[in-house]
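# Fold and contact review
Letter by letter, the chains look like this.
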Amino acid sequence: GEFSIAGEGELAVEALLDAFSHLKGTMSLVREGHPFQLSPDAAGELGQEFTTVAVFKFYEADRTHFVDADGARTRFRYHGDATYDLARELVSDDSPFAWDAHPLRSNLAAVILDEMHDANLAMFTVLRELLRYNDSALFLGVGDRDQVIHSRTGADAIFMGEAFDREIGRPTRMSLSRSYRFGPQVAGPLGRFSGKSYLAAEGIGSSVEVRHAGCAKEVLALVNDAIGRRHILRPGSSAADVAVLLRNPSDSVALEHE
């Protein structure tokens with residue numbers, strides 16, 4: 001009775017893969033000290049449907065199969081699997097690698113991580129162990145806690161904050177440098193909203209308008225209007241200079257039809 005898929009199933013595969021990304025990024029089934037025991041209650045504690053977790057465990061069993069006593073050999077990898085596999089190996093109690101011969105020990109001079117606000121537990125685990133096996137390496141991470149937009153894959157600002165301090169060490173934290181993406185007209189409201197100072201380059205004209213549209217045809221009219229005005233304001237510019245950001249990827253279908 002617990003093993004069921006809601007609806008008619010057209011989006012079942014997409015929904016499952018989306019949930020798998022969260023399970024991999026948060027390493028929800030990798031628990032210290034004891035293996036994860038599948039049950040409806042255990043799945044509920046993870047915020048997942050029982051069916052989703054059951055299929056995920058089968059997916060993982062099918063994706064990796066044991067070929068000899070040395071462990072599992074990967075049959076295929078999908079988005080996020082490689083980082084998840086490495087992170088699981090690094091926290092495994094029976095890792096085949098000796099401390100002095102560990103593959104992460106590379107005598108690195110520096111480790112630089114951009115877009116650190118995208119980090120999830122799997123990525124953070126790899127980073128933590130990389131710095132542990134290269135303890136003389138300098139570390140530079142660049143991120144903005146207000147840009148955490150991939151929480152569905154487990155991204156969390158905690159990995160730039162208290163988790164980093166607790167598991168790696170307390171770093172020197174510096175303010176964001178000056179942005180040349182927008183001018184003071186945008187930096188001011190952003191700063192008031194986020195409670196921090198955004199430095200913006202003077203001389204860059206920026207503006208924000210709120211326009212309302214009820215259907216794809218009206219959205220297209222707004223896009224065409226924006227492109228037309230851009231041609232007037234910046235002679236020689238083209239539609240390639242315009243980016244349309246959509247809340248949901250599927251919204252592009254109706255827009256493309258128009």
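What comes next concerns the included structure. For clarity, every value in this text was computed on a predicted model and none was experimentally measured.

## A word on the side chain of Q48
Inspection of the secondary structure puts Q48 in the loop between α2 (40–45) and α3 (50–63). By relative accessible area, Q48 is classed as buried at 16%. Leaving out residues up to four positions away in the same chain, Q48 has contacts with A19, H22, L23, A43 and V53.

## Considering the packing of aromatic side chains
Applying the stated criterion across every chain, the model contains 9 aromatic pairs. Both rings, one in Y59 and one in F76, keep their centres 5.8 Å apart while their planes meet at 85 degrees; by these two values the pair is edge-to-face. Taken together, the positions of Y59 in helix α3 and F76 in the loop between β2 (71–74) and α4 (81–90) put the pair 17 residues apart, joining distant regions of the chain. Each residue in the set F20, F56, Y59, F76 and Y84 is aromatic and connected to the rest through ring pairs, giving one cluster.

## Remarks on unusual backbone geometry
In the Ramachandran plot, N107 falls in the positive-phi region, its phi being about 50 degrees despite a non-glycine side chain. In this structure, N107 sits in the loop between α4 and β3 (110–113). Exposure remark for N107: the relative accessible area of 74% places this residue in the exposed category. Positioned with a positive phi, E115 is a non-glycine residue whose angle comes to about 50 degrees. Relative to the helices and strands, E115 is located in the loop between β3 and α5 (121–133). Judged by relative accessible area, which is 40%, E115 ranks as partly exposed.

Rules used in this analysis
Every residue gets a number counted from 1 within its own chain, in the order that chain's sequence is written. For this predicted model, a pLDDT threshold of at least 70 governs which residues receive local features, and a threshold of 80 or more governs which side-chain atom pairs are given and counted, while totals over whole chains, interfaces and linings are taken from all residues. Only hydrogens and water are removed before side-chain values are computed, so all heavy atoms of the structure are retained for them. Where helices and strands are cited, they refer to DSSP runs of H or I of at least four residues and of E of at least two residues respectively, numbered from the N terminus. Per-residue accessibility, obtained with a 1.4 Å probe over protein chains only, is compared with the maximum for each type, and a residue is labelled buried under 20%, exposed over 50%, and partly exposed between these values. Contact criterion: two residues are considered in contact whenever any of their non-hydrogen atoms come within 4.5 Å of each other. Only the six-membered ring of Trp is used, alongside the rings of Phe and Tyr, when aromatic pairs are assigned; centres must lie within 6.5 Å, and planes under 30 degrees apart are stacked while those over 60 apart are edge-to-face, with the rest tilted.

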